[in-house]
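Here's the letter readout for the chains.
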Amino acid sequence: MRLNLINVKSEISPLKTVVLHRPGKELENLIPDDLNELLFDDIPFLEDAQSEHDAFTKLLEDVGVEVLFLDQLVAEAIDARNVREQFIKEWLSEASVNNKVNEDQIVSILMNITDTKQMVNKTMEGFRRTEISTSNRERLPAYFIVNPMPNLYFTRDPFASLGNGIVVSRMYSETRRRETIYGDYIFRYHPRFVSDDLPKYYSRNEKASIEGGDILVLSEEVLAIGLSQRTELASVRTLAKELFSKSSFRKIILFEISDKRQFMHLDTVFTMVDVNKFVIHPEIEENLKLYLLEYSAESELKRLDESKLEDILEELLNVSNISLIRAGGNDEIAAMREQWNDGANMLAIAPGEVVVYHRNVVTNQKLVEAGIKLHILKCSELVRGRGGPRCMSMPLWRD
């Protein structure tokens, strides 16, 4: 087991440790009536989604990546400090049960699950109304007393590794805010991560939203952050103040992108795949606004020229011959189709070496033509949650 804490100073350096979450019964608690509220467009078939995720795990392990699982880390954190009752109380306070009798029954159910990992998974799965004994069943919600958390397999969003520290997100949507309790417990109580030397740059208790999918670590000094549907300028300012005083980061490029559903995070439209190569979804280029926030006494936003994105990246990253690989190539229909299926969202496991979905054939061919090595993941179910390989992974260590 790696004894160090966090080390992520690049999007592309060799990946050594990553956190994943294998989809569980929370997907089986997705119903058509709740899709919009729970941020899904369709219902994945759990058995195939798990098979696809297992293939993703094996792919990473086969190239030497240490894979840690979210539920196991949370269980180990709870057991290490004997805080099961505290965890259940905190989780329940955000579960919107609003009924003391039902709350007591849920606490009893969770406390009686002897295996802590199973208990953690039950909190992720949610509670159906039929699991509660009550004489007032007609007063219960139609189907669920506690909603499931089906977005948890996108481990990129609830917390983010920056340099040698961590950001615990304030999620945009109320339905996802409970997800951050798991990362919070890991970095508060897990023996591997509890240390006064682990900087925590943002808290889940902040008021302004920020999510990990909007944060790209371009170098030891430069971040890219999306001002998107789910990340606010106020959160970036708060984060910048902490980073500029407590880390090596000195500059943040802000990408103001559309708040369309398909552009929910920066990493759905822009990712780094090599030292001087980036994938970009062409549909964002026309209305893209760029700003620079850098370390200074004023820390004022500076508007940048969007038409010179390549030049901006070359100057800030001190590299030459920046290349933008356009998802879908020059075919606008292919670009829209493949961006919907996360063609611009890929996980770099080394410089010029990425994990991609097999279905994005046009974008994948453009990557090959640019000299990028592909590890191809077949996917028909995981993609229904609108997230790609980068969304499904949270690196903790890159060499």
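Bear in mind the structure is a predicted one, so any value in this text is a computation, not a measurement.

**Q** So, the pattern of salt bridges: which residues are in play, and what are the values?
**A** Enumeration according to the criterion identifies 23 salt bridges in this entry. When the shortest N-O distance is used, the salt bridge between E381 and R384 registers 3.0 Å. Owing to a relative accessible area of 25%, R384 belongs among the partly exposed residues under this scheme. One salt-bridge network, held together by shared partners, links E11, D267 and R390.

**Q** Could you give an account of the sheet that holds strand β5 (residues 159-162), naming the residues involved and the relevant values?
**A** Spatially, the 3 strands line up as an open sheet ordered β5-β6-β7, and their pairing is mixed. Looking at strand neighbours, the two that pair on one side only are β5 and β7 (200-202), the edges of this open sheet. Within the sheet, the average angular offset between the axes of one strand and its neighbour, ignoring direction, is 30°. Running at roughly 155° to β7, helix α8 (residues 233-246) makes contact with β5, β6 (165-168) and β7 of the sheet.

**Q** Can you explain the pairing of β6? Please cite residues and give values.
**A** Residues G165 and V167 point to one face of β6 and I166 and V168 to the other, with burial holding for every one of them. Pairing of β5 with β6, which is carried by 4 bridges, proceeds in the antiparallel orientation. Along β6, the bridge assignment pairs A160 with V167. Relative to β7, β6 runs parallel, the two being bridged by 2 bridges. Looking across to β7, one finds that I166 is bridged to K200.

**Q** Can you break down the packing of helix α3 (residues 84-93) against helix α5 (residues 116-125) residue by residue, with the values?
**A** Put simply, α3 and α5 touch, their axes get as near as 12 Å, and they point 5° apart. Viewed along their axes, α3 and α5 adopt a mutual orientation that is roughly parallel. In contact with R84, F87, I88 and W91 of α3, α5 contributes T116, M119 and T123. By residue class, the composition of the contact of α3 with α5 is 4 nonpolar, 2 polar and 1 charged.

**Q** Summarise the sheet that holds strand β1 (residues 15-20); cite the residues concerned and give the values.
**A** Ordered in space as β2-β1-β19, the 3 strands form an open sheet in which the pairing is mixed. Bordering the open sheet on either side are β2 (66-69) and β19 (394-398), each of which pairs with just one other strand. Taken pair by pair, the neighbouring strands of this sheet meet at an average axis angle of 20°, ignoring direction. Sheet strands in contact with helix α2 (residues 70-81) are β1 and β2, and its direction is about 65° off that of β2.

**Q** Explain the pairing of strand β18 (residues 373-377) residue by residue, including any values.
**A** Both strand β17 (residues 353-357) and β18 contribute to a ladder of 5 bridges, which runs parallel. Within the sheet, the bridge partner assigned to E353 lies in β18 and is K373. For the crossover that starts at β17, traverses helix α11 (residues 361-369) and ends in the parallel β18, the hand is right-handed.

**Q** So what about the side chain of H190? Which residues, and what values?
**A** Checked against the element boundaries, H190 lands in the loop between α7 (180-189) and β7. The exposure class assigned to H190 is buried, which follows from its relative accessible area of 4%. With residues near it in sequence (within four places) discarded, H190 still touches L73, E76, A77 and Y185.

**Q** Please set out the packing of aromatic side chains residue by residue, giving values where relevant.
**A** The final tally for this structure, using the stated rule, is 10 aromatic pairs. Measuring from centroid to centroid gives 5.4 Å for F187 and F193, while their planes differ by 70°, and the two rings are edge-to-face. Note on accessibility: F187 and F193 belong to one class, buried. Relative to Y295, the ring of F244 lies with its centre 6.0 Å away and its plane at 80°, an arrangement referred to as edge-to-face. Of this pair, F244 sits in helix α8 while Y295 sits in the loop between β13 (289-294) and β14 (302-304), placing them 51 residues apart in sequence. Put simply, the rings of F87, Y182, Y185 and Y189 pair up and form one aromatic cluster. We note R250 situated over the ring of Y295; from NZ or CZ to the ring centre the distance is 4.6 Å.

**Q** Account for the UniProt feature "active site" (unreviewed entry) in the protein chain, naming residues and giving values.
**A** Taken from the UniProt record, the annotation "active site" (unreviewed entry) applies to C391. On the secondary structure map, C391 appears in the loop between β18 and β19. Ignoring sequence-local partners within four residues, the contact set of C391 consists of Y153, F154, T155, R156, D267 and N345.

**Q** So what about the packing of α3 against α7? Which residues, and what values?
**A** If you want to describe how two helices pack, look at the angle between their axes and the distance between the axes. Where α3 meets α7, the closest approach of the two axes is 11 Å, and the angle between their N-to-C directions is 150°. On the basis of the axis angle, α3 is roughly antiparallel to α7. Note that α3 runs across α7; the crossing there is right-handed. The segment α3 lies against α7, with Q86, F87, E90 and W91 engaging I181, Y182, Y185, R188 and Y189. A per-class count over the contact of α3 with α7 returns 6 nonpolar, 1 polar and 2 charged.

Cut-offs and rules
- Residues numbered from 1 in each chain as written.
- Predicted model: local features only at pLDDT ≥ 70, side-chain atom pairs only at ≥ 80, totals over all residues.
- Heavy atoms only, no water.
- Salt bridge = Lys/Arg side-chain N within 4 Å of Asp/Glu carboxyl O.
- Buried < 20%, exposed > 50% of the residue type's maximum accessible area, 1.4 Å probe, protein only.
- Pairing = 2+ DSSP bridges.
- Helix = DSSP H or I, 4+ residues; strand = E, 2+ residues; numbered from the N terminus.
- Axes fitted to C-alpha atoms, helices over the stretch in contact; angles between N-to-C directions.
- Contact = heavy atoms within 4.5 Å.
- Parallel < 35°, antiparallel > 145°, perpendicular 65-115°, else oblique.
- Nonpolar A, V, L, I, M, F, W, Y, C, P; charged D, E, K, R; others polar.
- Right-handed = clockwise from strand over helix to strand, strands pointing away.
- Phe/Tyr/Trp six-rings, centres within 6.5 Å; stacked < 30°, edge-to-face > 60°.
- Lys NZ or Arg CZ within 6 Å of the ring centre and 35° of its normal.
- UniProt positions renumbered as here; feature names shortened; annotations may be inferred.
- Left-handed = near helix turned anticlockwise from the far one by under 90°.

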